[in-house]
Amino acid sequence: MRKVKNDYAAWMALGPGGLPANIGGWLIATALRPFARADPLTVGGADHPGLHWHLEHRRGPRPTIAPYPIPHRQLTDRGHSTLIERLNDAVAAEARPDGPFHMERSHFERRGDALYVTDISTAAPWIARTKGEILHVHESEGSLHVVLQPDDAQTVISAGWGELHPLAGRPLLALPETYVFLYAPRDTDDADRIEQIIHRAVSTART
C-alpha cells in the first residue's frame, strides 16, 4: 500500500497535463504504462536523418524522465522561469495576425496553449494527424512536445535534444510517430538550439 501511495504522490508531483489530476487520472496513466515504447530514441520512417539539416549535439547526459506516459515530464535539468518565458515568447511570435499559424488550447495537454496551423488543408501529413497542433511548452519545467517530420525527429533525438513520447505511434492516443519530447533548456545556449528546432518545426508544418 505504501508503494502505491508513493507512486501516486510522485505522479501528482509532476503537475497537470492531459489527464485529471486525481486518482482517476493516475489509474489511467498507470494502465497506459505497459503500452509505452521500448525504444524512445528510434523514429520509424526516418530515412535520411541529418541530411538536410545540421543540429549541434547537446552536451552532457539526457535528463531523467518520469516513468508515466501522461504527463510526460523530466525529473532532472528542469528549466527556470526566465528560459521558460523565452520559449513561450518564441512560440507566440510565430502566431501573427492573419498569418498561417495561431495559438489555442493544446489538444493533447488540454491545459495551456499550443501553436497550430490555421488552415488544416495546408498542413503537412504529420501535422494533419494532430488536428493542426505543432508544439506546446510545458510551463512546469520548460520542456516541449513538438511534431516533426520523420528525418528531423531522428536528427533531434540523435543529437541528444529529445526523445519520442512513450505512446508516439501507438493507436491508443492517436499520437503521430514523430511526437517528440524536447528537453528543457538548462541555459541560454540550450535555448538557442531549442529555438532552432522550433523554427524548423514551424517551417516544415505546411505543405
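Refer to the preceding data block for the structure.
Just so it is clear, the model here is predicted, and its values are computed rather than measured. All residue numbers refer to positions counted from 1 along the written sequence of the respective chain. Local features are withheld for residues below a pLDDT of 70 in this predicted model, meaning they are given only at 70 or higher, and side-chain atom pairs are given and counted only at 80 or more; totals for whole chains, interfaces and linings count all residues. Side-chain calculation: all heavy atoms of the structure are included, whereas hydrogens and water are not.

Asks: Just checking my understanding: could you explain the overall build of the protein chain for this structure?
Replies: When you go through the protein chain residue by residue, the secondary structure sums to six helices and six strands. For 207 residues, the compact-globule formula gives about 17 Å, and the C-alpha radius of gyration of the protein chain, at 16 Å, lands near that figure. With respect to the principal axes defined by its C-alpha atoms, the protein chain has extents near 50 × 35 × 35 Å. Burial statistics for the protein chain: of 207 residues in total, 47% are counted as buried. By definition in these notes, contact holds between two residues if any of their heavy atoms fall within 4.5 Å. Pairs at least 24 residues apart make up 64% of the contacts formed inside the protein chain by residues separated by at least 6 positions. With residues, only the protein chains shown are counted as cover, and all accessible areas are computed by Shrake-Rupley using a 1.4 Å probe. In the form shown here, the protein chain has an accessible surface area of approximately 9900 Å², with 56% of it arising from carbon and sulfur atoms. Of the charged side chains in the protein chain, 22 are positive and 25 negative; the average position of the first set lies 8 Å away from that of the second. Only DSSP runs of H or I reaching four residues or more are called helices, and only runs of E reaching two or more are called strands; each is numbered from the N terminus. The quantity called the radius of gyration is restricted to C-alpha atoms. Its globule counterpart is 2.2 Å times the number of residues to the power 0.38. Exposure categories follow from relative accessible area, calculated using a 1.4 Å probe and restricted to protein chains: below 20% of the type maximum is buried, above 50% is exposed, and the middle band is partly exposed. Asp and Glu count as negative and Lys and Arg as positive, but His and the ends of the chain are not part of the count. Think of each charge as sitting on NZ of Lys, CZ of Arg, CG of Asp or CD of Glu.

Asks: Would you take a moment to explain the side chain of E133 for this structure?
Replies: In this structure, E133 sits in strand 3 (residues 133-137). Salt bridge, as applied in this entry: a Lys or Arg side-chain nitrogen positioned within 4 Å of an Asp or Glu carboxyl oxygen. R110 is the oppositely charged side chain nearest to the buried, salt-bridge-free E133, at an N-O distance of 9.4 Å. The term polar contact refers here to a pair of N or O atoms within 3.5 Å; inside protein, the definition further demands a hydrogen-donor-capable atom paired with an acceptor-capable atom, and it admits residues adjacent in sequence only when both atoms are side-chain atoms. Among the polar contacts listed, one links the side chain of E133 to the side chain of S106, at a separation of 2.9 Å. Beyond its immediate chain neighbours, meaning those up to four positions away, E133 contacts S106, H107, F108, A114, L115, Y116, I127 and V147.

Asks: Please explain the pairing of strand 4 (residues 144-147) as it appears in this structure.
Replies: On a regular strand, one side chain projects to one face of the sheet and the next to the other, so that they alternate. Residues L144 and V146 line one face of strand 4 and the alternating positions H145 and V147 line the opposite face, and both faces are buried. One ladder, built from three bridges, connects strand 3 with strand 4; its direction is antiparallel. Opposite L135, over in strand 4, you have V146 as the bridge partner. Two strands are said to pair when DSSP picks up at least two bridges between them. Counting the residues that bridge the hairpin from strand 3 to strand 4 gives six residues, and of these G142 lies at a positive phi of roughly 95 degrees. Pairing geometry for strand 4 and strand 6 (residues 179-182), over four bridges, is antiparallel. Bridging from a neighbouring strand, H145 pairs with F181 of strand 6.

Asks: What is the right way to look at the pattern of salt bridges in this model?
Replies: Any two side chains of opposite charge can pair if their charged atoms end up close together. Counted under the stated rule, the structure contains 12 salt bridges. Linking E56 and R193 is a salt bridge whose minimum nitrogen-to-oxygen distance equals 3.8 Å. Taken together, the positions of E56 in the loop between helix 2 (23-32) and helix 3 (81-92) and R193 in helix 6 (residues 188-203) put the pair 137 residues apart, joining distant regions of the chain. On the basis of relative accessibility, which here comes to 47%, the residue E56 falls in the partly exposed class.

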